[in-house]
Amino acid sequence: PHCLQHLPDLHLWMKNNYPNIQVTTISLDTYLPGWKAEIQQLDHWKHLRDPKSWDGAAAEAYLARATPYFIRIDKDGKIIDTYRSVQAFREAIAKL
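Residues numbered from 1 in each chain as written. Predicted model: local features only at pLDDT ≥ 70, side-chain atom pairs only at ≥ 80, totals over all residues. Heavy atoms only, no water.

*Asks:* When you look at the packing of helix H1 (residues 7-17) against helix H4 (residues 86-94) in this model, what are you seeing that I'm missing?
*Replies:* The N-to-C vectors of H1 and H4 enclose an angle of 5 degrees; their axes lie 12 Å apart at closest approach. Judged by the angle between their axes, H1 and H4 are roughly parallel. Across the interface between the two elements, Asp 9, Leu 10, Trp 13 and Met 14 of H1 pack against Val 86, Phe 89, Arg 90, Ile 93 and Ala 94 of H4. The class makeup of the residues in the contact of H1 with H4 is 7 nonpolar, no polar and 2 charged. (Axes fitted to C-alpha atoms, helices over the stretch in contact; angles between N-to-C directions. Helix = DSSP H or I, 4+ residues; strand = E, 2+ residues; numbered from the N terminus. Parallel < 35°, antiparallel > 145°, perpendicular 65-115°, else oblique. Contact = heavy atoms within 4.5 Å. Nonpolar A, V, L, I, M, F, W, Y, C, P; charged D, E, K, R; others polar.)

*Asks:* Before we go on, may I ask you to explain the pairing of strand S3 (residues 70-73) in this structure?
*Replies:* Regular strands show a simple pattern: their side chains alternate between the two faces of the sheet. The sheet contact formed by S3 and strand S4 (residues 79-83) spans 4 bridges and is antiparallel. Following the sheet pairing, Phe 70 is matched in S4 by Tyr 83. Turn length for the S3-S4 hairpin, with the two strands adjacent in sequence and antiparallel, is 5 residues, and the turn residue Gly 77 shows positive phi of about 90 degrees. (Pairing = 2+ DSSP bridges.)

*Asks:* Quick question: what am I supposed to make of unusual backbone geometry here?
*Replies:* Note: most peptide bonds trans; most residues except glycine with negative phi. Cis rather than trans, the peptide bond between Thr 67 and Pro 68 has omega equal to 0 degrees. Among the structural elements, Pro 68 can be located in the loop between helix H3 (57-61) and S3. Despite not being glycine, His 44 shows a phi value in the positive range, around 75 degrees. Tracing the sequence through the fold places His 44 in the loop between helix H2 (32-40) and strand S2 (46-49). By relative accessible area, His 44 is classed as exposed at 59%. One non-glycine residue, Ser 53, adopts positive backbone phi at about 55 degrees. Mapped onto the elements, Ser 53 comes out in the loop between S2 and H3. (Buried < 20%, exposed > 50% of the residue type's maximum accessible area, 1.4 Å probe, protein only.)

*Asks:* It is not clear to me how the packing of aromatic side chains should be interpreted in this structure. Could you clarify?
*Replies:* The relation between two aromatic rings is expressed through the spacing of the ring centres and the mutual angle of the planes. Under the definition given, this model contains 3 aromatic pairs. Judged by centre distance (4.8 Å) and plane angle (20 degrees), the rings of Phe 70 and Phe 89 are stacked. Of this pair, Phe 70 sits in strand S3 while Phe 89 sits in helix H4, placing them 19 residues apart in sequence. The class for Phe 89 is buried, based on a relative accessible area of 9%. With a centroid separation of 5.8 Å and 70 degrees between ring planes, the pair formed by Tyr 83 and Phe 89 is classed as edge-to-face. When sorted by exposure, Tyr 83 lands in the same class as Phe 89, which is buried. Cluster of aromatic residues (ring-pair linked, three or more members): Phe 70, Tyr 83 and Phe 89. (Phe/Tyr/Trp six-rings, centres within 6.5 Å; stacked < 30°, edge-to-face > 60°.)

*Asks:* Looking at this structure, I do not really get the environment of Ser 85. What am I missing?
*Replies:* Inspection of the secondary structure assignment puts Ser 85 in the loop between S4 and H4. Residue Ser 85 is classed as partly exposed on the basis of its relative accessible area, which comes to 29%. A C-alpha to C-alpha distance of 22 Å links Ser 85 and Thr 30, two positions 55 residues apart in sequence. Here the side chain of Ser 85 touches Ala 88 through a polar contact of 3.0 Å, landing on its backbone nitrogen. (Polar contact = N/O pair within 3.5 Å; in protein donor to acceptor, adjacent residues only side chain to side chain.)

As structure tokens, this is what we get:
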């Protein structure tokens, strides 16, 4: 999927610059072997997958309409902000 093009660079940037920020990915990918292969490259992140893809609970709960889609959540589980691009997400994290 298109969103996977961005994740390796973002993963490395987060790992090197913000190792204490917890990142959890939620995949809407329906191809399980492909998803398993991809997450092996993204160690240090937690990975979840909704097999119902766009019709699943994850997409509905987080109002995902396109990927990539980034959500910043505080320690209490409250959504702080959302980002529709890697660049917007990076800029917000860099301000922390």
